[in-house]
Amino acid sequence: MSVPLSSTKPEGGPFENLEGRTFQFACHPGVPCFNQCCADLNLVLTPYDIVRLKNRLGLTSDQFLEAYTGTQTEPDSRFPKVRLKMTGGPGKPCPFVTPRGCSVYEDRPGACRIYPLGRGAAAGGREFYFLVREDHCRGFEEEKVWAIDEWTKDQGLEQYHRSNDLWMEIITSKVSLGPREHRLKKIQMFIMVSYNLDRFRDFVFQTRFLDLFDLPPEKVEHLRADDSALLDLGLNWLKFALFGQETLPLKQKVG
């Protein structure tokens, strides 16, 4: 099971509240169920997941999306989501799993990193974590004990959480997208920034974008080389373009 960011607190089933608790878990090739969880996944890829994976594989955004993903718009969501495409082999394994484990381990998606935990926000924005205890997983029989902050640091989740939180603010926003005739264009903006950072880079550097927004020259140069910084800019621009939030400084008009 892959558990993405959640805006509600799951109850029952395999989910256990972890507030104030430690948990016992380890995953390695010696665990009897090793690799079993890397198959038949319904894994939503966040923008930062896609950036890390496409760069790891040396692919353009278009190439990665075509080869490894599918897109779906759910009935209760106005924005489409991209999911990792499983292979057609027995059990529908992840395209990146091998007998030795994950072939993109250092750049694996956030949902894979955080497992067996899930993470969300309760009323008032308070962060919470829950344990996903699945019957097939034997990692819970291992002796290693973790506090939540120890696990998130060990799994390299800080940058994933920071970027994913910005994105979650957009996809969970209840602010109107405005008149119907503007909605399609705004959804196209969302798709560009969220899933095709190469196209957003062209938008920044080949249109009047930099004539409109007051960005320091050193930051502009940084954006050319750093996809994480470019994604941060894109997510803040989406808040500006979709919802009218003052997230980016406009250049002052003269005369």
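Colleague: Summarise the overall build of the chain; cite the residues concerned and give the values.
Modeller: For the chain, the helix and strand inventory stands at 10 helices and 10 strands. The C-alpha radius of gyration of the chain comes to 20 Å, within 12% of the 18 Å expected for a compact globule of 255 residues. Across its three principal directions, the C-alpha atoms of the chain cover 70 × 40 × 40 Å. For the chain, the proportion of its 255 residues judged to be buried stands at 43%. Residue pairs at least 24 apart in sequence account for 69% of intrachain contacts in the chain once pairs closer than 6 positions are excluded. When the accessible surface of the chain is totalled, it reaches about 14,000 Å², and 51% of it is carbon and sulfur. Between the mean site of the 33 positive side-chain charges and the mean site of the 34 negative ones, the chain shows a separation of 5 Å.

Colleague: Run through the nonpolar core, naming residues and quoting values.
Modeller: Formed by 65 residues in total, the largest nonpolar core has its most connected members in Phe200, Leu233, Trp237 and Leu238. Not counting the four nearest positions on each side in its chain, leucine 233 is found in contact with Phe200, Val204, Phe209, Leu215, Leu223 and Leu248.

Colleague: If you had to explain the environment of lysine 239 to someone new, which residues and values would you point to?
Modeller: You can see lysine 239 is positioned in helix α10 (residues 227-243). Look at lysine 239 and you get buried, because its relative accessible area is 8%. Dropping the residues within four chain positions of it, lysine 239 is found in contact with Leu166, Glu169, Ile170, Gly244, Gln245 and Thr247. Among the polar contacts made by the side chain of lysine 239, one reaches the side chain of glutamate 169 at a distance of 2.3 Å.

Colleague: Report on the pairing of strand β8 (residues 117-121), specifying residues and quantitative values.
Modeller: Buried residues dominate β8, accounting for 4 of its 5 residues. As judged from the 5 bridges shared by β8 and strand β9 (residues 127-132), these two strands associate in the antiparallel manner. Its bridge partner being in β9, glycine 120 is matched across the sheet by phenylalanine 128.

Colleague: Requested: an account of the sheet that holds β9, with residues and values cited.
Modeller: The 3 strands lie next to each other as β1-β9-β8, forming an open sheet whose pairing is antiparallel. Either end of the sheet is taken by a strand with one partner, and the two such strands are β1 (15-17) and β8. Geometrically, the sheet is characterised by an average inter-axis angle of 35 degrees between neighbouring strands, direction not taken into account.

Colleague: Quick rundown of the sheet that holds strand β5 (residues 81-84)? Include the residues and the values.
Modeller: An order of β3-β5-β4 is seen for the 3 strands of this open sheet, with the pairing classed as antiparallel. Edge positions in the sheet fall to β3 (44-45) and β4 (69-72), since each of these pairs with one other strand and no more. In this structure, β4 lies alongside β5, joined through 4 bridges in antiparallel fashion. Opposite glutamine 72, over in β5, you have lysine 81 as the bridge partner.

Colleague: With reference to specific residues and values, describe helix α6 (residues 180-195).
Modeller: Across its 16 residues, α6 extends 23 Å between first and last C-alpha, which sits within 8% of the 22 Å expected from 1.5 Å per residue. Within the span of α6, buried status applies to Lys186, Met189, Phe190, Met192, Val193, Ser194 and Tyr195.

Colleague: Describe in detail the packing of helix α5 (residues 158-171) against α6, supporting the description with residues and values.
Modeller: Packing of α5 against α6 brings their axes to within 12 Å, and their N-to-C directions diverge by 165 degrees. When the axis of α5 is compared with that of α6, the two are roughly antiparallel. By crossing handedness, the relation of α5 to α6 is classed as left-handed. Contacts between α5 and α6 involve Trp167, Ile170 and Ile171 from the first element and Phe190, Ser194 and Tyr195 from the second. Among the residues making up the contact of α5 with α6, the classes are represented as 5 nonpolar, 1 polar and no charged.

Parameters and conventions
Residues numbered from 1 in each chain as written. Predicted model: local features only at pLDDT ≥ 70, side-chain atom pairs only at ≥ 80, totals over all residues. Heavy atoms only, no water. Helix = DSSP H or I, 4+ residues; strand = E, 2+ residues; numbered from the N terminus. Rg over C-alpha atoms; globule rule 2.2 N^0.38 Å. Buried < 20%, exposed > 50% of the residue type's maximum accessible area, 1.4 Å probe, protein only. Contact = heavy atoms within 4.5 Å. Areas by Shrake-Rupley, 256 points an atom, 1.4 Å probe, with all protein chains shown as cover. Lys, Arg positive; Asp, Glu negative; His and termini not counted. Charge placed at Lys NZ, Arg CZ, Asp CG, Glu CD. Core = buried A, V, L, I, M, F, W, Y, C linked by side-chain atoms within 4.5 Å. Polar contact = N/O pair within 3.5 Å; in protein donor to acceptor, adjacent residues only side chain to side chain. Pairing = 2+ DSSP bridges. Axes fitted to C-alpha atoms, helices over the stretch in contact; angles between N-to-C directions. Expected span 1.5 Å × (residues − 1). Parallel < 35°, antiparallel > 145°, perpendicular 65-115°, else oblique. Left-handed = near helix turned anticlockwise from the far one by under 90°. Nonpolar A, V, L, I, M, F, W, Y, C, P; charged D, E, K, R; others polar.

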